[in-house]
Amino acid sequence: MSFALETVVRQAKLRIAIITANPVRKATLTGIVAGAGHCVISDVGAADIVISDETTAVPAHSSVIRLGETGDDIAAGVLSRNATTRQIVEAVRSGPGNMPHFGPGNISNAEVRDITAYVHSYIQHPINRGGFGLGGIGPVGEGFVGLLIGVGALMLVCFWIGDRT
Amino acid sequence: MIDQSVRWLDDRLGIAKGGRTMLDKIFPDHWSFMLGEIALYSFVVLIATGVFLSLYYIPSAHEVVYHGSYLPLRGQRVSEAYSSTVGLSFDVKSGLLIRQTHHWAADVFLGSIAVHMARIFFTGAFRKPRELNWIVGVTMLMLGIVNGFLGYSLPDDLVSGTGIRIAYSIIESVPLVGSYLGFFLFGGNYPGNGIIIPRFFLLHVLILPVIIGGLIAVHLGLLVKQKHTQFPGKGKTEDNVVGTPMFPTFIAKTTGFMFMTSAVLLLLGGLAQINPIWQFGQYEPYQISYAVQPDWYMGWLDGALRIMPSWEWVGWGHTLPLEVFLPAVVFPGLTFGFFWGWPHIEKRFTKDVATHNLLDRPRDRPKRTAFGAAMLMFYFMLFAASSTDVMANFFNVSLNVVLWTFRVIVFVIPIITYFVTYQICNEMRAAEGIGKRKRAMVVSRSDTGAYSTVTAEPRPGDDAHELDAIPVPTYINLTPEELETGPGVRRVMR
Amino acid sequence: MSDESTVQPTAPLPVAALDDPHQLPYAKHPGRAQAVAVVAMIIGILGCIGFGITYWVSDQTQWQAVTLGVGLLGLGFGVTAWGKYLMARGPFVEERHPFNSSDEEVKEMTAAITQRGGIVVARRKLLGGLFAIGSLAFGVVAAFPLIRSLGPKPGRALFVTNWRRNSQLVTVDGRPVHKNDLEVGGVLTVFPRGFAGSSPDQTILLRIEELGPEDPPLSLASPGRSDWTALGYVAYSKMCTHLGCPVGLYQEQTVELVCPCHQSIFNVLAGAVPEFGPAPRPLPQLPIKVQNGFLVAQDGYNQPIGPGFWERP
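No experiment lies behind these values; they were computed from the predicted model shown. (Residues numbered from 1 in each chain as written. Chains lettered and ligands numbered in written order. Predicted model: local features only at pLDDT ≥ 70, side-chain atom pairs only at ≥ 80, totals over all residues.)

Describing the overall build of chain C
Stage number 1. Per the secondary structure count, chain C includes four helices and 12 strands.
Stage number 2. In terms of overall size, chain C is more extended than a compact globule, its C-alpha atoms giving a radius of gyration of 38 Å where 313 residues would be expected to give roughly 20 Å.
Stage number 3. Overall size of chain C, expressed as C-alpha extent along the three principal axes, is 115 × 75 × 40 Å.
Stage number 4. In chain C, the proportion of contacts linking residues at least 24 apart, taken out of those at least 6 apart, comes to 56%. (Helix = DSSP H or I, 4+ residues; strand = E, 2+ residues; numbered from the N terminus. Rg over C-alpha atoms; globule rule 2.2 N^0.38 Å. Contact = placed C-beta atoms within 7 Å.)

Listed below in structure tokens is the structure:
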């Protein structure tokens, strides 16, 4: 989660307005903020803090938190294996495309933080102690390498040692 | 000293005469005759690495808390089988190298059996008197596939555990006795009482390796007794074998090959990651992930299961799940039955009951070659069909398209292969001297202006074996000086 | 046979001529071939020593593999090159002696079996027959401990799960599922209380819509049952009816459950009926209701869950 959002979430109960044109983003942020115990309201004037993203015009307010990056393709970002924290959290909470929604009652904020940490460390930088990862798709890649390179190399050796008439 | 040892043994075992024959045994040299050796030496590597692994692996489904050095698992409750395998990979020196070499050796073992079997098939080496050896070989293929499945299921990880669930359901699908067999084998309703891991372990490290080892001994024994086949050529008849003697030449080449096979498997084992179970997590019967395929040699079964339509027969108070029973029980049964029976089946068509020690060139038997190629393609299509989900993802097409494509090509491509191969064989036979270097026609003009052509001399090496084969000499009497020098070694006086 | 230890043959035997081309090495330049083999062997030895050092010094699998692999490759290449290029090139020939016996001998063998054996069988029919029956009897009963003792009989185990009337739905951690826990489009694996993690009981709970207690229940096409849903929640057995894999993939927008093993696709709004792939039957639906704010089962499953088997009606 971004530092600003994290700070907000940790504070005692506030009234927060979320202004964004992106309904998916709105749902995500509502989920996170409400899940942390705050009150999400629509009246900007009455809000303690306004959370917004860069492309949305927001009325003047003393305390505005602007979240950078409006990447709509949350799913694409996660799939591309360099998802940011925001993309992961949004993907979990708002379920882009065909992905299900996992609200706080299902996967708690602490669990989402664990998921994010795991994705950042062990998925994006997997421990490939055994050597080249071969695409990380399991037996399909292994079969290719075992047959083409393993059996192939040894057949070439046979070709060298033996007769070719 | 050698003389004394030989006498010592001969007085007790009478080995001198038979031993001499063994040392003089001739092995033909063609490269395709070495494919079986790849399998043999992969098996040796499997045994050597397997013994090491069995000193660390704990065959138990009992839950323990993981305390090793792979952080994400620390404090998790996992089975001892999984914990000990992760421990082997992270906390035993050279453990991961040996574990991966073992797994690569299994894949290469079965791959080399497949190419070896193809060579035997396409050259007709299974004909009389070698039908028995063919049957032994097919049996080893079957047992090897089973043993491979048992082996990669031992770590109790999420991917292989899913495979065990599928195996249980396949057993369950057998009519009349299926549910009983499943409960007996697993000790209860899936996942059973945990006994399946130790049972797999016992089968994998003792029972099946002993059987396969014994069959290898039979396989090689038959080969020694019946002598190896050879391609027809200069000086080669149905009644002789031309090649190199066992001692010292063949032993040198085959020992070197054993080292090289081990080297290739070790290099794969340390440079190419295989089965990284710490990334998959331990097996829980209610969890699953993406790209759950079996190892390559089970792929043909998985592909068959995926493309089979959902025909289940229900009637008279019973269910016969044909969508499981047909592709996973009947089909492999038919496959191995067909493989076992092939020498007999071919005899029905060719009416050929003569003894054959000379091999066919594949092109000289276009029907057999085309049929074999078509069958290979059929099993390859099924093997490819086991990666439908990976393909749909990779090529960005719908699962529907991939599935229906495979349902069609699994029959169409082998048929096309048959006709294409048949055609290629006939064309290769029609072209004389195909594959050989052509000799130049030298055109010369005489003084009177007449042209004449003469074929150029064969280049050195064109006729690789210009010499006639001779029997292995009994004595090579060399003086001490001749021993040091002699053919191939030159000493220069300083 | 009664010679003293002497190497000399007592009769003239074939001796190879020194300049016989068959004894020459295969290589045209044996010196060069030997040099290559020597270099390979030295690399091999260095590689093996390298592995020895690497083993003590580092934990890197890759270095261990490269050193030992190059070591064995070098040694192997050297020995092979020795055998192929530097030893007597041959070719040598060996005669195949037909190993089948003469017609006479085959007849004698057959006669030994049929005639000697025939006499025994003819004269001592009773003994022979009894032994045959005895062997058969032993063979049959030996199968009993080998097969039957392995495990329990299935009995009713495949027909029932631990889901009963009023079984509380809990997560794998044992936490009861509250009616507000899932959002629309959410999915959760649940078990009956007391049996969290039990394989046959695995059930997948989906929230299709957010409905109030006064709203009409979620509308499901047959064989799905709307009266088995609660507040927009529906529950199905997670065990695929094809081969028992957990049907863990939920496609929210198309409202489908996908089994990752062989890609069977189940229509959630039509009682999880399979619309694609090899699965033969719909996923059995678990009837659920809300009790004191938490989700519980109205009853167990109305049919055996999971893949098909012979006794399944």
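Side note on the sheet that holds strand 1 (residues 26-27) of chain B
Stage number 1. Read from one edge to the other, the open sheet built from four strands follows the order 1(B)-4(B)-1(C)-9(B), with strand pairing classed as mixed. Looking at which strands have only one partner, the edges of the open sheet turn out to be strand 1 and strand 9 (470-471) of chain B.
Stage number 2. Across the face of the sheet, helix 10 (residues 246-271) of chain B comes into contact with strand 1 and strand 4 (240-245) of chain B while running at roughly 70 degrees to strand 4 of chain B. (Pairing = 2+ DSSP bridges. Axes fitted to C-alpha atoms, helices over the stretch in contact; angles between N-to-C directions.)

Some remarks on the domain arrangement of chain C
Stage number 1. Along its sequence, chain C is carved into domain 1 (21-86) and domain 2 (169-297).
Stage number 2. The distance between the C-alpha centroids of domain 1 of chain C and domain 2 of chain C comes to 62 Å. (Domains from an automatic or database assignment.)

Quick look at helix 4 (residues 85-94) of chain A
Given 3.6 residues per helical turn, the α-helix brings residues three or four places apart onto the same face.
All names here are of chain A.
Stage number 1. Judged by how many residues are buried, helix 4 sits mostly within the fold: nine of 10 residues are covered.
Stage number 2. Those residues of helix 4 that fall on the buried side of the exposure criterion are Arg86, Gln87, Ile88, Val89, Glu90, Ala91, Val92, Arg93 and Ser94.
Stage number 3. Looking one or two residues beyond helix 4, the residue adopting positive phi is Gly95, at roughly 50 degrees. (Buried ≥ 20, exposed ≤ 12 C-beta atoms within 10 Å, placed from the backbone.)

A closer look at the packing of helix 6 (residues 139-161) of chain A against helix 10 of chain B
Stage number 1. Two elements in contact, helix 6 of chain A and helix 10 of chain B, have axes separated by 10 Å at closest approach and are oriented at 155 degrees. Between helix 6 of chain A and helix 10 of chain B, the crossing angle belongs to the class labelled roughly antiparallel. Considering only the axes of helix 6 of chain A and helix 10 of chain B, their crossing is right-handed. Seen from helix 6 of chain A, the contacting residues are Gly150, Ala153, Leu154, Val157 and Ile161 of chain A; seen from helix 10 of chain B, they are Lys253, Phe257, Met260, Thr261, Val264 and Leu268 of chain B. (Parallel < 35°, antiparallel > 145°, perpendicular 65-115°, else oblique. Left-handed = near helix turned anticlockwise from the far one by under 90°.)

Here's the deal with the sheet that holds strand 5 (residues 233-237) of chain C
Residue and element names in this part refer to chain C.
Stage number 1. Spatially, five strands are ordered 2-3-4-5-10 in an open sheet, and the strand pairing comes out antiparallel. Both edges of this open sheet fall to strand 2 (169-170) and strand 10 (285-286), since each of them pairs with a single strand only.
Stage number 2. Pairing between strand 5 and strand 10: two bridges, direction antiparallel. The residue of strand 10 that forms the bridge with Tyr236 is Gln285.

Quick word on the interface of chain A and chain B
Stage number 1. Contact residues are listed per partner, giving 33 residues for chain A and 42 residues for chain B.
Stage number 2. If one sorts the elements of the side of chain A that touches chain B by residue count, helix 6 of chain A sits on top with 16 residues.
Stage number 3. Residues that form the side of chain A that touches chain B fall into these classes: 19 nonpolar, 10 polar and four charged. (Nonpolar A, V, L, I, M, F, W, Y, C, P; charged D, E, K, R; others polar.)

Some words on the pairing of strand 12 (residues 294-297) of chain C
All names here are of chain C.
Stage number 1. Here strand 11 (residues 288-291) pairs with strand 12 via four bridges, running antiparallel. Bridged to Gln291 within strand 12 is Phe294.
Stage number 2. What sits between strand 11 and strand 12 in their antiparallel hairpin is a turn of two residues, with Asn292 showing a positive phi close to 55 degrees.

Describing the packing of helix 7 (residues 158-172) of chain B against helix 8 (residues 178-186) of chain B
Residue and element names in this part refer to chain B.
Stage number 1. One way to put it is that helix 7 packs onto helix 8 with a least axis distance of 7 Å and a crossing angle of 140 degrees. Taken together, the axes of helix 7 and helix 8 lie oblique to each other. Facing helix 7, whose interface residues are Tyr168, Ile171 and Glu172, helix 8 presents Gly178, Ser179, Leu181, Gly182, Leu185 and Phe186.
Stage number 2. Residues that form the contact of helix 7 with helix 8 fall into these classes: five nonpolar, three polar and one charged.

Structural notes on the environment of Thr67 of chain C
Residue and element names in this part refer to chain C.
Stage number 1. Within the fold, Thr67 resides in helix 2 (residues 61-86).
Stage number 2. Note on Thr67: 22 C-beta atoms within 10 Å, which makes it buried.
Stage number 3. In this structure, the C-alpha to C-alpha distance between Thr67 and Thr54, residues 13 residues apart in sequence, is 7.9 Å.
Stage number 4. When neighbours within four sequence positions are excluded, Thr67 is seen to be in contact with Gly47, Gly50, Phe51 and Thr54.

Some details on the nonpolar core
Stage number 1. Of all hydrophobic cores here, the largest spans 174 residues; its most connected members are Phe109 of chain B together with Leu205, Val234, Leu257 and Ile288 of chain C.
Stage number 2. A total of 15 residues in this core trace back to one element, the largest contributor, which is helix 5 (residues 95-123) of chain B.
Stage number 3. Those residues in contact with Phe109 of chain B that sit more than four places away from it in its chain are Ala39, Ser42, Phe43, Leu46 and Gly144 of chain B.
Stage number 4. Formed by 11 residues, the second largest nonpolar core is a distinct cluster that contains Ile16, Ile19, Leu29 and Ile51 of chain A. (Core = buried A, V, L, I, M, F, W, Y, C linked by C-beta atoms within 7 Å.)

As for the interface of chain B and chain C
Stage number 1. Counting residues at the interface gives 97 residues for chain B, matched by 80 residues for chain C.
Stage number 2. Broken down by class, the residue content of the side of chain B that touches chain C amounts to 47 nonpolar, 33 polar and 17 charged.
Stage number 3. Direction of pairing for strand 9 of chain B relative to strand 1 (residues 92-95) of chain C: parallel, over a ladder of two bridges. Note on strand 1 of chain C: the bridge partner recorded for Ile470 of chain B is Phe92 of chain C.

A word on the environment of Tyr451 of chain B
Residue and element names in this part refer to chain B.
Stage number 1. With respect to the helices, strands and loops of the structure, Tyr451 is situated in strand 8 (residues 451-455).
Stage number 2. Classification of Tyr451 by C-beta neighbours within 10 Å gives exposed; the count is 8.
Stage number 3. The contact partners of Tyr451, leaving out residues within four places of it in the chain, are Val443 and Arg445.

Focus: the confidence of the model for chain A
Residues and elements named next belong to chain A.
Stage number 1. Per-residue confidence for chain A averages 77 on the pLDDT scale, and 73% of its residues sit at or above 70.
Stage number 2. For chain A, the element scoring lowest by mean pLDDT is helix 3 (residues 74-79), at 53; helix 6 scores highest, at 92.
Stage number 3. Counting contacts from residues 69-73, a segment whose pLDDT is below 50, to residues more than four positions away or on other chains yields eight contacts. (pLDDT = per-residue confidence, 0-100.)

Examining the environment of Arg445 of chain B
All names here are of chain B.
Stage number 1. Along the polypeptide, Arg445 turns up in strand 7 (residues 441-445).
Stage number 2. On the basis of neighbour count, Arg445 is assigned to the exposed category, with 9 C-beta atoms found within 10 Å.
Stage number 3. Separated by 307 residues in the primary sequence, Arg445 and Val138 have C-alpha atoms spaced 62 Å apart.

Points about the pairing of strand 3 (residues 187-192) of chain C
Every other side chain in a regular strand lies on the same face of the sheet, so the side chains alternate between the two faces.
All names here are of chain C.
Stage number 1. Strand 3 sits mainly inside the fold: five of its six residues count as buried.
Stage number 2. With two bridges joining them, strand 2 and strand 3 adopt antiparallel strand pairing. In the strand pairing of strand 3, Leu169 is matched with Pro192.
Stage number 3. Judged from the four bridges that link them, strand 3 and strand 4 (residues 203-207) form a sheet pairing that is antiparallel.

Notes on the confidence of the model for chain C
Residues and elements named next belong to chain C.
Stage number 1. Averaged over all residues, the pLDDT of chain C is 90; the fraction at 70 or higher stands at 94%.
Stage number 2. Below a pLDDT of 50 lies the segment residues 1-6, which in the model reaches two contacts outside its immediate sequence neighbourhood of four places, other chains included.
Stage number 3. Interface predicted TM-score (ipTM) for the complex: 0.89; the corresponding pTM is 0.87.

Notes on unusual backbone geometry
Stage number 1. For the peptide bond that leads from Tyr190 of chain B to Pro191 of chain B, omega is 5 degrees, which places it in the cis range.
Stage number 2. Residues other than glycine seldom take positive phi values, yet Ala272 of chain C does so here, at roughly 55 degrees.
Stage number 3. Residue classification places Ala272 of chain C among the buried positions, given that 28 C-beta atoms sit within 10 Å.

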